[in-house]
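# Chain and residue survey
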Amino acid sequence: LHRRDLVARYAERTGRDVSAVGYYTAVGYWKLACILQGGSDRYRDGAMASDGTDDAAFDGRVEALAARAAEALKA
């Protein structure tokens, strides 16, 4: 099931206006990017326990989420 199909089904069954779904999707991605950035910063600053996690796993993730937010605004 594609996202657009799910949104269409939701609109059909609830009768709600879904014209701003791109905005709310973008906000969700943006919030996730902010949370990840904060966690990444705390991890790199040593505020989180060192469990051997490779901090390189964070690299590019915030930028990718921000890009998805921008894409969602265009849709």
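Scroll up for the structure.
Described in the following lines is the structure provided in the data block. (Residues numbered from 1 in each chain as written. Predicted model: local features only at pLDDT ≥ 70, side-chain atom pairs only at ≥ 80, totals over all residues. Heavy atoms only, no water.)

### Description of the overall build of the protein chain
The following threshold applies: Helix and strand assignments come from DSSP, with helices taken as H or I runs of at least 4 residues and strands as E runs of at least 2, each series counted from the N terminus. With the radius of gyration taken over C-alpha atoms, the globule rule is written as 2.2 Å times the number of residues to the power 0.38. Only protein chains enter the accessibility calculation, which uses a 1.4 Å probe. A residue is then buried if its area is under 20% of the maximum for its type, exposed if over 50%, and partly exposed in between. Residue contacts are counted whenever heavy atoms from the two residues lie within 4.5 Å of one another. Values of accessible area rely on a 1.4 Å probe in the Shrake-Rupley scheme; residue burial ignores everything except the protein chains shown. Positive: Lys, Arg. Negative: Asp, Glu. His and the chain ends are not part of the count. Charged side chains are reduced to one point each, which is NZ for Lys, CZ for Arg, CG for Asp and CD for Glu.
Tallying secondary structure elements over the protein chain gives three helices and zero strands in all. In terms of C-alpha radius of gyration, the protein chain reaches 17 Å, well past the compact-globule figure of 11 Å for 75 residues. Taking the principal axes of the C-alpha coordinates as reference, the protein chain spans close to 50 × 20 × 20 Å. Burial status across the protein chain gives 16% buried among its 75 residues. Once local pairs closer than 6 in sequence are excluded, the contacts in the protein chain between residues at least 24 apart make up 54%. When the accessible surface of the protein chain is summed, it comes to about 5,900 Å², and 55% of that surface belongs to carbon and sulfur atoms. Charged side chains in the protein chain number 11 positive and 11 negative. The centres of these two groups are separated by 10 Å.

### Remarks on helix α3 (residues 61-74)
Worth spelling out the cut-off: Expected helix span is taken as 1.5 Å per residue step, with the number of steps being one fewer than the number of residues. Each C-beta atom gives one direction from the helix axis, and the arc is the one those directions make.
Helix length check: α3 (14 residues) gives 20 Å between terminal C-alpha atoms against 20 Å at 1.5 Å per residue, within 8%. Regarding α3, the residues found buried are Val 62, Leu 65, Ala 69 and Ala 72. Buried residues along α3 cover an arc of 80° about the axis, so they all sit on one side. The exposed set on the far side of α3, more than 90 degrees from its buried face, consists of Glu 63 and Lys 74. The elements touched by buried residues of α3 are α2 (21-44).

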